[in-house]
Amino acid sequence: NDPSARATWSPSAGYTYEEYAIRGILVNSMDVTLHGLGGLSPTGAMPPEGIERLEVLKGPSAMLSGVALHGSLGGSINIIPKRAPASDLTSIAASFDSNALFGAHLDIGRRFGRNDSMGLRLNGLHRSGNTAIDRQSLRLGFLSAGADYNGGSFRLSADAIYHRRERNAPSWQLAVRPGFNIPEPPRTGSNVQQSWASIDAEDVLGLLPKGTHDPSM
């Protein structure tokens, strides 16, 4: 909801990758960090169903997060995956997007042990069908498990994520050479890509962030 941070490309518009602009400067989706670590976020985009919060830093950030893998200068975007809330959570949701893209999402959170010190958050997402773009179909699978332990003076967390995105006839950016007469805009939903074009991206990752210990507690 910040006008200085915008999504310029989006999978919901038929693209395979997300791209962002912070203060008008490109931030590559492959430079998005997970728990502050580069090269770990799912290829192209992290489904929002698995995100607890986003941390956006505007402007140069190499002093805090290191040099971006693809040299993005506009700022940095960091993903914090979901954690189990204080009370039990069970949520089931269904979705539909035109023209025939159906989805289902399951979100479960529980806390266990003495003083609810141990937590587990599970997220499962599946989408499949035809998008609003001509001759384009999508198949998306996402599973995540986030565990945490809060022992007062000692805290530890871990994540496991599986992500797969298959798209037929994906949309790509088009450019016009200087001096070329730009034609009339095509009909919304038109697809100029070949029907045999496709992309299949799969990510499997596990993450064990460093635990913290405060001897004063």
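Placed above this text is the structure.
Below: a short report on this structure. (Residues numbered from 1 in each chain as written. Predicted model: local features only at pLDDT ≥ 70, side-chain atom pairs only at ≥ 80, totals over all residues. Heavy atoms only, no water.)

### Some remarks on the overall build of the protein chain
Convention followed: Every helix listed is a DSSP run of H or I at least four residues long, and every strand listed is a run of E at least two residues long, numbered separately from the N terminus. When accessible area is computed with a 1.4 Å probe and restricted to protein chains, residues below 20% of their type maximum are described as buried, those above 50% as exposed, and intermediate ones as partly exposed. For accessible areas, the Shrake-Rupley method is used with a probe of radius 1.4 Å. Any residue's cover is judged against the shown protein chains and nothing else. Under the counting rule used here, the positive set is Lys and Arg, the negative set is Asp and Glu, and His together with the chain ends is not counted. Charge placement uses NZ in Lys and CZ in Arg. For Asp and Glu, CG and CD serve respectively.
Across its full length, the protein chain carries one helix and 13 strands. Moving toward the C terminus, one meets the helices and strands of the protein chain in the order β-β-β-β-β-α-β-β-β-β-β-β-β-β. Structurally, the protein chain occupies a C-alpha span of about 70 × 40 × 30 Å along its principal axes. Within the span of the protein chain, comprising 217 residues, buried residues form 39% of the whole. As presented, the protein chain carries roughly 13,200 Å² of accessible surface, and 57% of it is formed by carbon and sulfur atoms. Each charge class in the protein chain can be summarised by its mean position, and for the 20 positive and 20 negative side chains these summaries are 1 Å apart.

### Focus on unusual backbone geometry
A cis amide bond links Ser98 to the next residue, Asn99, at an omega of 5°. Its place among the elements puts Asn99 in strand 8 (residues 99-112). Within the chain, Arg23 stands out as a residue other than glycine whose phi angle is a positive 55°. By the secondary structure assignment, Arg23 is in the loop between strand 2 (19-22) and strand 3 (25-28). A residue is classified by how much of its surface remains accessible, and Arg23, at 56% relative accessible area, is exposed.

### Observations concerning the nonpolar core
Rule in force here: To define a nonpolar core, start from buried Ala, Val, Leu, Ile, Met, Phe, Trp, Tyr and Cys residues and group those joined through side-chain atoms within 4.5 Å. Only heavy atoms matter for contacts: two residues are in contact if any of them lie within 4.5 Å across the pair.
Residues Leu34, Met46, Ile77, Ile79 and Ile161 are the most contacted members of the largest nonpolar core, which totals 15 residues. Residue assignment for this core shows that the elements contributing at least two residues are strand 2, strand 6 (75-81), strand 10 (137-150) and strand 12 (198-207). Setting aside anything within four residues of it in sequence, one finds Ile161 in contact with Leu34, Pro42, Met46, Phe142, Leu143, Ser144, Asp203, Val204 and Leu205.

### Some words on the sheet that holds strand 5 (residues 51-58)
Strand-to-strand pairing in sheets goes through backbone hydrogen bonds, with the strands running parallel or antiparallel. To keep it simple, the criterion reads: Two strands pair under a simple rule: DSSP has to find at least two bridges between them.
Spatial strand order, 4-6-5: three strands in an open sheet with mixed pairing. The two strands at the open ends of the sheet, each matched to only one other strand, are strand 4 (33-34) and strand 5. Here strand 4 runs beside strand 6; their pairing, made up of two bridges, is parallel. Opposite Thr33, over in strand 6, you have Asn78 as the bridge partner.

### Comments concerning the pairing of strand 11 (residues 154-168)
Direction of pairing for strand 10 relative to strand 11: antiparallel, over a ladder of 14 bridges. Each bridged residue has a counterpart across the sheet, and for Tyr149 the counterpart in strand 11 is Leu156. Pairing between strand 11 and strand 12: 10 bridges, direction antiparallel. Of the residues in strand 12, the one forming a bridge with Ile161 is Leu205.

### Structural notes on empty space enclosed by the protein
Rolled over the atoms, a probe as big as a water molecule pinpoints where empty space is left. The condition that has to hold: Points on a 1 Å grid, built from protein atoms alone, make a cavity when a 1.4 Å probe fits but cannot get out and make a pocket when they are open with protein on both sides within 12 Å along at least 5 of 7 lines; residues with an atom within 4 Å of a point are the lining residues. Grid points are joined across faces, edges and corners, and a volume is the space filled by probe spheres set on the points. All amino acids are sorted into three groups, where Ala, Val, Leu, Ile, Met, Phe, Trp, Tyr, Cys and Pro are nonpolar, Asp, Glu, Lys and Arg are charged, and the leftover types, Gly among them, are polar.
In total, this model carries one cavity of 30 Å³ or more according to the counting rule given. Here the largest cavity is characterised by a volume of approximately 40 Å³. Lining the largest cavity are Gly50, Pro81, Lys82, Arg121, Asn123, Ser144, Ala145, Gly146 and Asp159. For the lining of the largest cavity, the secondary structure elements donating two or more residues are strand 9 (118-131) and strand 10. By residue number, the principal contributor to the lining of the largest cavity is strand 10, which donates three residues. Among the residues forming the lining of the largest cavity, the class breakdown is two nonpolar, four polar and three charged.

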